Each structure stands twice: as C-alpha cells, then as structure tokens.
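Observations on the model geometry
Spelled out, the chains give:
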Amino acid sequence: MKKIACLSAIIFSLFACQKETDLSSMVVNMPMKETTEPNETSAPTSQVVSMTDLKNLSIVLQGTFTSGVHSTSGKVLIYEDKNKNYSLVFENFKTDAGPDLRIYLAEDKVLTNFTQITDKVNTNGSYILPIPATVDLKKQTTVVIWCKAFSVLFGSASLK
Amino acid sequence: MKKVSFLLAITLFISHLSFSQSKNQRYADLSIAAGSGFSPALSYNYNWGLGKGGKFKIGTGIRFTYFAGQHKDLITAPATLTSGEKGPQVLFKENILSNLDTLHVAKVGVGYINIPIHLQYSFSQKLEVGFNIDAIGISFGSKQSGTFYASDSRSLNKSTQSAKPTFFNALLVSDNDLGSLNSELYARYWVNDKIGIRAGLSFQFVEYTTDKVLTFENDRFRTKNLLPMIAISYKL
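Calculation rules
- Residues numbered from 1 in each chain as written.
- Chains lettered and ligands numbered in written order.
- Predicted model: local features only at pLDDT ≥ 70, side-chain atom pairs only at ≥ 80, totals over all residues.
- Heavy atoms only, no water.
- Helix = DSSP H or I, 4+ residues; strand = E, 2+ residues; numbered from the N terminus.
- Buried < 20%, exposed > 50% of the residue type's maximum accessible area, 1.4 Å probe, protein only.
- Phe/Tyr/Trp six-rings, centres within 6.5 Å; stacked < 30°, edge-to-face > 60°.
- Lys NZ or Arg CZ within 6 Å of the ring centre and 35° of its normal.
- 1 Å grid on protein atoms, 1.4 Å probe; cavity = no way out; pocket = protein on both sides within 12 Å on 5 of 7 lines; lining within 4 Å.
- Points joined across faces, edges and corners; volume = space filled by probe spheres on them.
- Core = buried A, V, L, I, M, F, W, Y, C linked by side-chain atoms within 4.5 Å.
- Contact = heavy atoms within 4.5 Å.
- Salt bridge = Lys/Arg side-chain N within 4 Å of Asp/Glu carboxyl O.
- Buried area = accessible area lost by both parts, 1.4 Å probe.
- Polar contact = N/O pair within 3.5 Å; in protein donor to acceptor, adjacent residues only side chain to side chain.
- Nonpolar A, V, L, I, M, F, W, Y, C, P; charged D, E, K, R; others polar.
- Pairing = 2+ DSSP bridges.

Things to note about the overall build of chain B
In terms of helices and strands, chain B carries two helices and 11 strands. Helices and strands appear in chain B in the N-to-C order α-β-β-β-α-β-β-β-β-β-β-β-β. With respect to the three principal axes, the spread of C-alpha positions in chain B is 65 × 50 × 30 Å. Residues classed as buried in chain B amount to 45% of the 236 residues present.

Next up, the structure:
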C-alpha cells in the first residue's frame, strides 16, 4: 500500500512540474502522529487533493526560497481553510538531494523554536504539506530546508 | 588461519607484557593545572613497557579531573556545526563562524572521571616525556544559568538559559568529542625510586548541555582550556 502511495506521489509530482501554477495535481503529505521533542511530526503518507480544495482556501503568508549551502529555489505559501487549518504549499520547489533532509517552520533560518513539518522531503516539484496545530504562525514564519545529519542549511524562505 | 595468527599474536603480546614487569610502571598522580581556570586531577595509572628496553610505554588507568572557571564562554560544540563535517577530517577544517553561538556562564564547575590512554618515552631511568588523553567516562556537576548569545536569533539572543555538564564523555577526534576530556603533554623527572615530578600543559574540553534545544538544533556547548600543569607521581 505504501509503495502504491509513493508511486502516486512521484507520478503526481512529475505532473505538477509541468505547469508552474497548476495546483490541480499536488500531493499532500499527511502526518500520522505528532511528537514533542522539540516539535516533530512523523513520516507522512500521501493523498491527492483537487484544485478546488485550494481554490476555497485563502493565502495567509508567502515567500520565495533563497539558497543556503545548496541551491534552493521555488515559492512557498501558507493556505488557511475555514476551519483554521493551515497548509504549506510548495510551488516549483527545487533543492539538491541530501541525507536526512527535513522541512521545518521556525522563527528564523537558525532554527529558533522550530517545528518539523516532514522528514520525507520531495526535493523537486509542487506539493502540499499540512501544518501541525502546534505551529505559531505569528512567530514561526520561516520555512527551512535542513540536513539534520550534517547540520547544513539547504535553503530557507521567509514568509510575509 | 587468520584467527590462529591473531590469537597467537595476542598471546605473544600478553606474555611479553607479563614477562616485562620491571619495564612497567604503576603509579598514582596528583596534578594541578591553573590559568584560565583551576583544575586538579587525581589518577591511577599503569604503563606497559614495549620492546627490549621498555623505553616506549603505553598505558591506561582512571583519572578524576575537576575543572572550575569563572565567566566562561561556552561555544557551539558539535563538529557538524563547527566544521560542517563528521569524522577525523574535522581536525583540518576551519570553523564555520556563522554556525557558532555562545552561552556565557558566570561559573563553571565540572567533575569528570575518565579512562585515559598514555603514551610515554623514557630517555633514562629518571627522565621521560609523555602524552595522555581521556578516552571515555562520565561527568557531573551542578546546573548553571547563563546568557545565550545568538545574533541571528531575535528571540533567543541574550536570553537566559540553563545547562548542566554533558553526562557521557567520549574521545572521537577534535570537535567530534563528546563531553569533558582532559589531555596532558608533559615531562617527568623521577626524584627517587618512588617520587616523580611532572610539568607540562593540560588541554581540557569542558562541555555543558542546555535544558532546551537552541539555535541550529543544538544543545551542546563547550569551552576549551589550555593550562600550565604541575604534578607529583608516586610509584605503587
């Protein structure tokens, strides 16, 4: 089942790369549980959301990636639904492959008060990740692509 | 066949050591190092003489070191942050200054018990030079509060943080090391059959772990101290 989900994710990611703003075939990574040290979420599973889902959401924050030690590019937005659930949307995101990559939401790019969004990073494409309710979007407004094994900043985006 | 050769080599080495008791050394040692801190150390040591004359010795033992210092800057410790690398190559890497943050504590007090490794060369019955370094052990000490300086973190910069000595110590080459470790480079003169005096330098890593993870996912901070040292040894 996991294999099918992964294959679906790859296929849909590839389709998502074809058009810059085509959000109709994005992959959403759903966390299965949350942990607390420091604010981590576990391995995601994948499912597809439709364009209409995003059309009904409003953008609350957005930013563009800048490179850290590795070349990183693309746009990232935070969408809010009517139930006050937030999603992190990557558009045309691209970074280098690396070991133990993580996506964090933090106060800044030095990882102050960070929350892990996922430890399964898709390094190329457009996709959606749910934001845990524990994230404080008034403070944690920097998306950080971080190599945990070697403590290397791949790239970051400051959201406004 | 390889196993037999290996076992034979081990047997020969052990029998060599046991038949060369006179070349071996067993002694207690009390050292005092002072400078950027104050650090007494008490140890029990056993060195085995190698070769015909036993001039070259290797050894081990157990050492208790206490380090006390005031107004110390504890700097980001993990090698992945200081050098961007893991492994022995960190010895040759420049520090990545942008990754380094500082925890300033008014008072440092760490006791640590480690198993050291000794290497020593005897020029004569009286004079020898040597080097030793802690390999593995544990640390203890009270919790300290300090001011954390991280200019890139608006909310954590100049915040008060508490930290206690990192419990587990391990020698893993340069900034890969964990915890608190003492090493000494020295010359020793045996005044008589029992008593020797040593002088040299003591280099100590003293490490604290903060209660919470701060910048760069890091909670380990250390101070490195090079101190002049004198000691007295007593053959047992």
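Next comes the rest of the account.
Notes on the packing of aromatic side chains
Tallied over the full model, the rule gives 13 aromatic pairs over all chains. Measuring from centroid to centroid gives 5.9 Å for A:Phe65 and A:Phe90, while their planes differ by 15°, and the two rings are stacked. Residue A:Phe65 is located in the loop between β3 (58-64) and β4 (66-67), and its partner A:Phe90 is located in strand β6 (residues 86-95); the two are separated by 25 residues in the primary sequence. When the centroid spacing of 6.3 Å and the interplanar angle of 80° are considered together, the rings of B:Tyr27 and B:Trp190 count as edge-to-face. Of the two residues, B:Tyr27 is situated in strand β1 (residues 25-34) and B:Trp190 in strand β9 (residues 181-190); the sequence distance between them amounts to 163 residues. Among the residues examined, B:Tyr27 registers a relative accessible area of 2% and is labelled buried. Ring-pair connections join several aromatic residues into one group, and the members of that group are A:Phe65, A:Phe90, A:Phe93 and A:Tyr127. For B:Lys86, the ring lying beneath its charged end belongs to A:Phe150, and the centroid distance is 5.1 Å. Cation over ring: B:Arg198 sits above B:Tyr186, and NZ or CZ is 4.7 Å from the ring centre.

Some words on empty space enclosed by the protein
Residues and elements named next belong to chain B. Counted under the stated rule, the structure contains one cavity of 30 Å³ or more. Reported here for the largest cavity is a volume of approximately 60 Å³. Lining the largest cavity we find 13 residues, and of these Asp29, Ser43, Asn132, Glu184 and Arg198 sit closest to its centre. Elements supplying a minimum of two residues to the lining of the largest cavity: β1, β2 (38-50) and β9.

Structural notes on the nonpolar core
Counting residues in each nonpolar core, the largest one holds 25 residues, and the members touching the most others are A:Phe65, A:Val76, A:Leu88, A:Phe90, A:Ile103, A:Leu105 and A:Val143. Elements that contribute at least two residues to this core include exactly β5 (72-80), β6, β7 (101-106), β9 (124-131), β10 (142-147) and β11 (152-158) of chain A. Leaving out residues up to four positions away in the same chain, A:Phe65 has contacts with A:Thr72, A:Ser73, A:Gly74, A:Val76, A:Phe90, A:Phe93, A:Val143, A:Ile145, A:Gly155, A:Ser156 and A:Ala157. Within the second largest apolar cluster, 22 residues are counted, among which are B:Tyr186, B:Trp190, B:Val206 and B:Leu214.

Overview of the pattern of salt bridges
All names here are of chain B. All chains considered together, the criterion is met by 16 salt bridges over all chains. Between Arg222 and Glu207 there is a salt bridge, with the nearest N and O atoms lying 3.5 Å from each other. With Arg222 in strand β11 (residues 220-235) and Glu207 in strand β10 (residues 195-210), the pair connects residues that are 15 residues apart, well separated along the chain. In this structure Glu207 comes out as buried when scored by relative accessible area, which is 0%. Here the salt bridges do not stand alone but share partners, grouping Asp29, Arg63, Glu128, Asp134, Glu184, Arg188 and Arg198 into one network.

What about the interface of chain A and chain B?
Taken together, the contact between chain A and chain B spans 13 residues of the former and 13 residues of the latter. Both sides of the chain A and chain B interface together cover about 1100 Å² of buried area, and 55% of this is carbon and sulfur. When residues of chain A are sorted by the area they lose upon contact with chain B, A:Val110, A:Phe150 and A:Ser151 head the list and together hold 43% of the total. On inspection of chain A and its partner chain B, the count reaches one salt bridge. Our enumeration of links across chain A and chain B arrives at eight residue pairs in polar contact (both at pLDDT 80 or more). Grouping the constituent residues of the side of chain A that touches chain B by class yields seven nonpolar, two polar and four charged.

Details of the sheet that holds β4(A)
Residues and elements named next belong to chain A. Spatial strand order, β4-β11-β10-β7-β8: five strands in an open sheet with antiparallel pairing. Because the sheet does not close on itself, it has two edges, and the strands there are β4 and β8 (115-118). Bridge count for β10 against β11 is six bridges, and the pairing is antiparallel. Of the residues in β11, the one forming a bridge with Val144 is Ser156.

Let's talk about the pairing of β9(A)
Residues and elements named next belong to chain A. For β9, the tally of buried residues reaches seven of eight residues, placing the bulk of the element in the interior. Both β6 and β9 contribute to a ladder of seven bridges, which runs antiparallel. Among the inter-strand pairings, Lys94 is bridged to a residue of β9, identified as Asn124.

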